[in-house]
Amino acid sequence: LSALVHDADHSGVSNMQLIKEDHKLAEIFNNKSVAEQNSVVLAWEKLMCSPFLDLRRCIYSNPSEMFRFRQIMVNTVLATDIFDKELQTLRRNRWDAAFRQWVRDSAPIQEDRNRKATIVMEHLIQASDVSHTMQH
């Protein structure tokens, strides 16, 4: 779903250009991952509409699962902002924390798996988003 919506309402203009132009979206999203955050907001609003109730029931069945799904959706869509160095650093640090074999925290096994799965999905969508532009 994140791959489907990650460019929803994208104007074809970079975040940097939106910020330079003082675009209203840049102001709304504090000049951070402007197009990506806008896509998440629009997609989430659409998903919450009544015609998508059955789809939502297939995706999650309780508030905890909904929170986790939204977290994954936000993280993966924001991962497509390859120009935000701060986000890249955070993602790299989370990758290191998730996959360093010699460091094990006291997190439950499922939480550890979720952390790893999320960071892998972020890298996959980022690679996919970048690679399609290299085909032209």
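That block above? That's the structure.
The present account deals with the structure reproduced in this document. (Residues numbered from 1 in each chain as written. Predicted model: local features only at pLDDT ≥ 70, side-chain atom pairs only at ≥ 80, totals over all residues. Heavy atoms only, no water.)

## A short note on the overall build of the chain
For the chain, the count of helices and strands is 8 helices and 0 strands. N-terminal to C-terminal, the α/β element order of the chain is α-α-α-α-α-α-α-α. Once the C-alpha set of the chain is aligned to its principal axes, its extents read approximately 45 × 40 × 30 Å. At a minimum sequence separation of 6, the contacts of the chain that also span at least 24 residues come to 61%. A total of about 9100 Å² of accessible surface is found on the chain, and carbon and sulfur atoms cover 59% of it. (Helix = DSSP H or I, 4+ residues; strand = E, 2+ residues; numbered from the N terminus. Contact = heavy atoms within 4.5 Å. Areas by Shrake-Rupley, 256 points an atom, 1.4 Å probe, with all protein chains shown as cover.)

## As for the state of the cysteines
Tallied over the entire structure, the rule returns 0 disulfides. Here C49 stays unpaired: no disulfide links it, and the sulfur of C58, its closest cysteine neighbor, is 17 Å away. Judged by relative accessible area, which is 32%, C49 ranks as partly exposed. Take C58: its relative accessible area is 68%, and that puts it in the exposed class. (Disulfide = S-S within 2.5 Å. Buried < 20%, exposed > 50% of the residue type's maximum accessible area, 1.4 Å probe, protein only.)

## Re the pattern of salt bridges
Taken as a whole, this structure holds 7 salt bridges when the rule is applied. For R115, the salt bridge identified is with E111, shortest N-O distance 3.8 Å. One end of the pair is R115 and the other is E111, both in helix 8 (residues 109–133) and 4 residues apart, which spans about a single turn. When its relative accessible area of 44% is taken as the criterion, E111 is described as partly exposed. Several salt bridges converge on common partners, so that one network encompasses E111, D112, R115 and K116. (Salt bridge = Lys/Arg side-chain N within 4 Å of Asp/Glu carboxyl O.)

## A closer look at helix 4 (residues 34–47)
Taking 1.5 Å of rise per residue, 14 residues should cover 20 Å, and helix 4 covers 20 Å from first to last C-alpha, within 8% of that figure. Within the span of helix 4, buried status applies to V34, A35, E36, N38, S39, V40, A43, W44 and L47. The inward-facing, buried residues of helix 4 abut helix 1 (2–5), helix 2 (15–20), helix 3 (24–28), helix 5 (53–59) and helix 6 (63–78). (Expected span 1.5 Å × (residues − 1).)

## Quick word on the nonpolar core
In this structure, V5, V40, A43, W44, L47, Y60, F69, M73 and V77 together form the largest nonpolar core, which totals 9 residues. Every element with two or more residues in this core is listed here: helix 4 and helix 6. If one sorts the elements of this core by residue count, helix 4 sits on top with 4 residues. The next biggest cluster of nonpolar side chains, apart from the first, holds 5 residues, and it includes L18, L25, F29 and V34. (Core = buried A, V, L, I, M, F, W, Y, C linked by side-chain atoms within 4.5 Å.)

## Thoughts on the packing of aromatic side chains
Applying the stated criterion to the full structure yields 3 aromatic pairs. Through a chain of ring-to-ring contacts, the aromatic side chains of W44, Y60 and F69 assemble into a single cluster. (Phe/Tyr/Trp six-rings, centres within 6.5 Å; stacked < 30°, edge-to-face > 60°.)

In short, the description is geometric, and any link to function would need to be established separately.
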